[in-house]
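Summary of the model geometry
Given next are the chains, with one letter for each unit.
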Amino acid sequence: MQVLTPFDPWKNKLCTCPFKYSFSPYVGCSHGCLYCYASSYIPRFSEVRVKKDVIRRLIKEVSKIEDKYVSISNSSDPYQKIEERLKLTREALKVFINNNFRIMIITKSNLIVRDLDILKKGRVVVSMTITTLDELKARKLEPNAPLPNKRMEALKILSENGIPTVARIDPIIPLVNEGEIREILREMARIGVRHIVSSTYKVKIDNWRRMEAEFPKEMKKLKRLYFVKGERIGGYYYLPKEYRYLLMEKVAEEARKYGITFATCREGFLELNTSKVCDGSHLF
C-alpha cells in the first residue's frame with residue numbers, strides 16, 4: 001500500500017479541492033473530537049498507529065510524482081501527541097521540501113511551531129482548525145487537542161514568520177458554536193489569517209452519538225432538523241440547504257469585511273467563494 005495517495009478517492013460531488021496527494025505518517029488520531037467523521041470508516045481510529053517504514057517508503061514514492069502538491073493530513077492530525085516524540089512529520093517535511101512539493105498542513109496543534117525552521121524553507125501553507133474560542137466548549141468538542149488559544153498563538157507566530165495561514169471554521173454546529181462566528185472571524189483577522197474555509201456539521205451515526213452524549217439538549221433540538229428536514233448526501237446527514245446557506249453566508253460576509261478570502265467545504269455554494277480554490281492553495 002502506498003503512503004502517498006490521491007486526495008478524496010470517493011470523488012465527493014461537493015468537493016471543490018484541486019488535485020493533490022494526501023500523506024500521513026500515522027493511522028488514527030488521539031484528539032478525540034466528537035464530530036470526527038474519520039472514525040466511521042477507519043477501524044480503531046482512537047488508537048494511533050505508525051505506518052511501517054513510512055519515511056523510507058515516502059522517499060521511494062516522491063520521485064515518481066509529477067503533480068507535486070500534498071496535503072498533510074486529512075484524517076489523522078500530523079502534529080498529535082505522538083509526533084512530539086517520533087518526529088515523523090518533521091522528517092516527512094524535509095523529504096517533501098527537498099523534492100519541491102507544495103505542502104498544505106492541516107492540524108489542530110501548536111506543536112507545528114517546533115518545525116518553523118523547516119517550514120520557512122519550503123512552499124508551505126498551514127491550515128488550523130478553530131471551532132470555538134470557548135475553553136470549556138473546546139474541552140468537550142476536542143477533548144485531547146490543544147486549546148484554541150494555543151492554536152491561535154501558533155497561527156500568529158506562523159503569520160509573523162511569513163507562512164501563509166488558513167483557519168478552518170469547521171464544523172459549524174447549530175446551537176453549539178454558530179453564535180461565535182463573528183468573534184472567531186475578528187480574532188482570525190487580528191492574528192493575520194489570510195483565508196477562511198468553513199463547513200457545517202455533517203452527521204455520521206457514530207459522531208452523532210458522541211455529540212448527543214456531551215450536548216444532549218442541543219442534539220435533541222437538532223434531531224428533526226438533520227434526520228427529517230435535512231439532506232442525505234454521500235453517506236452523511238446534512239442540515240437543510242437553506243439553513244446551511246445562511247450559516248455559510250454569515251461566515252462569508254465576516255471574512256469579506258476583513259478582506260480575507262473565503263470558501264465553503266463540501267457545501268455546494270460556489271457563489272459564496274472569493275478564492276479560486278477552496279483549500280487555501282492559492283496562497284502558495
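Going by the structure above, here's the rest.
Residues numbered from 1 in each chain as written. Predicted model: local features only at pLDDT ≥ 70, side-chain atom pairs only at ≥ 80, totals over all residues. Heavy atoms only, no water.

Quick look at helix 8 (residues 205–214) now. Three or more residues of helix 8 are buried, namely Asn 207, Trp 208 and Met 211. End-on, the buried residues of helix 8 take up no more than an arc of 105 degrees, which puts them together on one face. Residues of helix 8 that are exposed and point more than 90 degrees away from the buried face comprise Arg 209 and Ala 213. Residues of helix 8 that are buried make contact with helix 5 (135–141) and helix 9 (216–227). (Buried < 20%, exposed > 50% of the residue type's maximum accessible area, 1.4 Å probe, protein only. Helix = DSSP H or I, 4+ residues; strand = E, 2+ residues; numbered from the N terminus. Arc of directions from axis to C-beta. Contact = heavy atoms within 4.5 Å.)

Strand order in the open sheet formed by 8 strands is 1-2-5-6-7-8-9-12, with mixed pairing between adjacent strands. The open sheet terminates on both sides in strands that have one partner only, identified here as strand 1 (5–6) and strand 12 (261–264). In the sheet, strand 6 (residues 102–107) pairs with strand 7 (residues 123–129) via 6 bridges, with the strands oriented parallel. By the bridge assignment, Ile 105 is partnered in strand 7 with Val 126. Most of the contacts of helix 3 (residues 88–98) go to strand 6, to which it runs at about 155 degrees, and overall it touches strand 5 (69–72) and strand 6. The strands touched by helix 6 (residues 148–160) within the sheet are strand 7 and strand 8 (165–172), with strand 7 carrying the most contacts at an inclination of about 160 degrees. (Pairing = 2+ DSSP bridges. Axes fitted to C-alpha atoms, helices over the stretch in contact; angles between N-to-C directions.)

Moving on: the environment of Lys 276. Within the element layout of this structure, Lys 276 appears in the segment after strand 12. With 171 residues separating them along the chain, Lys 276 and Ile 105 place their C-alpha atoms 19 Å apart.

Let's shift gears to the layout of surface pockets. Space inside the second largest pocket adds up to approximately 180 Å³. Taken together, Ser 30, His 31, Tyr 79, Gln 80, Lys 81, Glu 84, Ser 109, Leu 111, Asn 144 and Pro 146 make up the lining of the second largest pocket. Of the residues assigned to the lining of the second largest pocket, the class counts are 3 nonpolar, 5 polar and 2 charged. (1 Å grid on protein atoms, 1.4 Å probe; cavity = no way out; pocket = protein on both sides within 12 Å on 5 of 7 lines; lining within 4 Å. Points joined across faces, edges and corners; volume = space filled by probe spheres on them. Nonpolar A, V, L, I, M, F, W, Y, C, P; charged D, E, K, R; others polar.)

Time to look at the packing of aromatic side chains. Summed over all chains, the structure comprises 11 aromatic pairs. Taken together, a centroid distance of 5.6 Å and an interplanar angle of 70 degrees make the contact between Tyr 201 and Tyr 226 edge-to-face. Of this pair, Tyr 201 sits in the loop between strand 9 (195–200) and helix 8 while Tyr 226 sits in helix 9; the two residues are 25 residues apart in sequence, bridging distant segments of the chain. Across the pair, exposure class does not vary: Tyr 201 and Tyr 226 are buried alike. Taking NZ or CZ as reference, Lys 20 lies 4.6 Å from the ring centre of Phe 7, over its face. The aromatic ring of Phe 215 is capped on one face by Lys 140, whose charged end is 5.2 Å from the ring centroid. (Phe/Tyr/Trp six-rings, centres within 6.5 Å; stacked < 30°, edge-to-face > 60°. Lys NZ or Arg CZ within 6 Å of the ring centre and 35° of its normal.)

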